[in-house]
Amino acid sequence: MAKKMDKVIITCAVTGGIHTPTMSEHLPVTPDEIALQSIEAAEAGASIIHLHARNPEDGRPTPDPEVFMQFLPRIKQVSDAVINITTGGGLGMTVQERLAAPLRAEPEMCSLNMGSMNFALHPLANRYKEWKYDWEKPYLESTDDFIFRNTFRDIKYILQHLGEECGTRFEHECYDIGHLYNLAHFVDAGLVKPPFLVQSIFGILGGIGADMENVMFMKQTADRLFGDDYVWSVLAAGRFQMPFITQAAMMGGNVRVGLEDSLYIGRGKLAESNAQQVAKIRRILEELGLEVASPDDARAALDLKGGDMVKF
């Protein structure tokens, strides 16, 4: 069984590299918007803030450390939340590009995708007739021929250079059952040490489907592979977000929300901010009699190095 938690960790993924500016006027794009929405999400109850960067001119995902450094220190100055930086980046970035900002910032946490996969966003390109920027539609359409590369060599590189050398720990993103076995390989090799966070992801085309039975299957498989060495969390894409994470919380898991994962707060209604999604899941958790973890609770549960040990 996953490590028993007295409180539920809420992670908020603020902007991501999937959705494009046309899809919602509320998607944070500029460093100012990313900083503000991150701080508000933390105030609403998120103990971990997961961050990507975007070109402030047109909203395109960017790996540029200079852009990250325009919002990371500002969030840290105002909030005690654990800052978690992507190593996934955006479509077509090399591993070196994806690591440029994390290696400079040396954050407490980073995401780490646990396998290569067809990461398909192209159906989204058919939903919109007009686009705010000319890069958006081709960016999405190109994913019918896109493999999100995370080879064993790539993963080992990240674990060594960011994990062992910088003391960063990881949100191990598992989009399918095989990704759990990939993680088990690195646990067996001694490159991943407990307690580690397993983020089970549902509803991305190319990964495991958003069927409630799959939540149980992923959890049972992780329990079998890792025992109580891991901390379990769930995210689900789009309309599956709230029902799936509510189910996960009832099963003893932790949860992730944010505009990276879903642009909506209810059926057909765009979320006006990341904090709105955090407030909603917090309300649900507390109605269920569950307590929300503070940033320090999350640090203790995940054995993080502390906010004073980062480089921003």
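Residues numbered from 1 in each chain as written. Predicted model: local features only at pLDDT ≥ 70, side-chain atom pairs only at ≥ 80, totals over all residues. Heavy atoms only, no water.

Asks: Just checking my understanding: could you explain the overall build of the chain for this structure?
Replies: Within the chain, the regular secondary structure consists of 11 helices and 14 strands. Taken over C-alpha atoms, the radius of gyration comes to 18 Å for the chain, in line with the 20 Å a tight globule of 312 residues would show. Once the C-alpha set of the chain is aligned to its principal axes, its extents read approximately 50 × 40 × 40 Å. Accessible surface, the chain as shown: approximately 13,000 Å² in total, 48% of it carbon and sulfur. (Helix = DSSP H or I, 4+ residues; strand = E, 2+ residues; numbered from the N terminus. Rg over C-alpha atoms; globule rule 2.2 N^0.38 Å. Areas by Shrake-Rupley, 256 points an atom, 1.4 Å probe, with all protein chains shown as cover.)

Asks: Where do I start with the environment of aspartate 297 in this structure?
Replies: Relative to the assigned elements, aspartate 297 resides in helix H11 (residues 295-302). Look at aspartate 297 and you get partly exposed, because its relative accessible area is 26%. In this structure, the C-alpha to C-alpha distance between aspartate 297 and isoleucine 9, residues 288 residues apart in sequence, is 8.1 Å. Engagement of the side chain of aspartate 297 in a polar contact is seen with the backbone nitrogen of serine 294, the distance being 2.9 Å. (Buried < 20%, exposed > 50% of the residue type's maximum accessible area, 1.4 Å probe, protein only. Polar contact = N/O pair within 3.5 Å; in protein donor to acceptor, adjacent residues only side chain to side chain.)

Asks: Looking at this model, I keep getting lost on empty space enclosed by the protein. Mind explaining?
Replies: Rolled over the atoms, a probe as big as a water molecule pinpoints where empty space is left. If you walk through the whole model with that rule in mind, you get 1 cavity of 30 Å³ or more. Here the largest cavity is characterised by a volume of approximately 40 Å³. In terms of lining, the largest cavity is formed by Thr62, Pro63, Phe68, Thr86, Gly89, Glu97, Arg98, Ala101 and Pro102. Looking at the lining of the largest cavity, the element that brings in the most residues is helix H4 (residues 95-105), giving 4 residues. For the lining of the largest cavity, the residue count by class is 4 nonpolar, 3 polar and 2 charged. (1 Å grid on protein atoms, 1.4 Å probe; cavity = no way out; pocket = protein on both sides within 12 Å on 5 of 7 lines; lining within 4 Å. Points joined across faces, edges and corners; volume = space filled by probe spheres on them. Nonpolar A, V, L, I, M, F, W, Y, C, P; charged D, E, K, R; others polar.)

Asks: Explain helix H6 (residues 152-164) to me, please; I cannot follow it from the model alone.
Replies: Each α-helix winds once per 3.6 residues, and so residues spaced three or four apart point in a common direction. Among the residues of H6, Asp154, Ile155, Ile158, Leu159, Leu162 and Gly163 are the ones counted as buried. For H6, the arc enclosing every buried residue in end-on projection is 130 degrees, short of the 170-degree limit, so these residues lie on one face. Among the exposed residues of H6, those pointing more than 90 degrees away from its buried face are Arg153 and Glu164. On its buried face, H6 sits against H4, strand S6 (109-113), strand S9 (169-174) and helix H7 (177-188). (Arc of directions from axis to C-beta. Contact = heavy atoms within 4.5 Å.)

Asks: How should the nonpolar core be read in this particular structure?
Replies: Counting 72 residues, the largest nonpolar core has Ile10, Ile49, Leu51, Phe71, Leu72 and Phe226 as the members making the most contacts within it. With 6 residues, H7 is the single largest residue contributor to this core. With residues near it in sequence (within four places) discarded, phenylalanine 71 still touches Pro31, Ile34, Ala35, Leu51, His52 and Ala53. Residues Ile18, Leu124, Trp135 and Ala237 belong to the second largest nonpolar core, which totals 23 residues. (Core = buried A, V, L, I, M, F, W, Y, C linked by side-chain atoms within 4.5 Å.)

Asks: Can you help me understand the packing of H6 against H7 in this one?
Replies: Two measures define how a pair of helices packs: the angle their axes make with one another and the distance between the axes. Contact pair H6 / H7: the axes reach a minimum separation of 12 Å and the direction vectors enclose 50 degrees. Judged by the inter-axis angle, H6 sits oblique to H7. Read as a crossing pair, H6 and H7 show a hand that is right-handed. Across the interface between the two elements, Phe152, Ile155, Lys156 and Leu159 from H6 touch Asn182, His185 and Phe186 from H7. (Axes fitted to C-alpha atoms, helices over the stretch in contact; angles between N-to-C directions. Parallel < 35°, antiparallel > 145°, perpendicular 65-115°, else oblique. Left-handed = near helix turned anticlockwise from the far one by under 90°.)

Asks: Sorry if this is basic, but what is going on with the packing of H7 against helix H8 (residues 212-226) here?
Replies: Remark: H7 packs on H8, axes separated minimally by 10 Å, with the N-to-C direction vectors making an angle of 15 degrees. With respect to H8, the axis of H7 lies roughly parallel. For the pair H7 and H8, the sense of crossing is right-handed. Seen from H7, the contacting residues are Ile177, Leu180, Tyr181, Leu183, Ala184 and Val187; seen from H8, they are Phe217, Met218, Thr221, Ala222, Arg224, Leu225 and Phe226. Of the residues belonging to the contact of H7 with H8, the class tally is 11 nonpolar, 1 polar and 1 charged.

Asks: Explanation requested: the pattern of salt bridges in the structure shown.
Replies: Summed over all chains, the structure comprises 16 salt bridges. Here glutamate 171 makes a salt bridge to arginine 256, at a shortest N to O gap of 2.9 Å. Highlighted residues: glutamate 171 in strand S9 and arginine 256 in strand S12 (residues 254-257), separated in sequence by 85 residues. A relative accessible area of 0% places glutamate 171 in the buried class. Taking the relative accessible area as the measure of exposure, arginine 256 reaches 2% and is therefore buried. (Salt bridge = Lys/Arg side-chain N within 4 Å of Asp/Glu carboxyl O.)

Asks: I'm lost on the environment of glycine 253 in this one. Help?
Replies: Residue placement: glycine 253 occurs in the loop between helix H9 (241-250) and S12. Spatially, the C-alpha atom of glycine 253 lies 9.9 Å from that of glutamine 199, the residues being 54 residues apart in sequence. Discounting residues that sit within four places of it in the chain, glycine 253 has contacts with Val8, Trp232 and Ala248.

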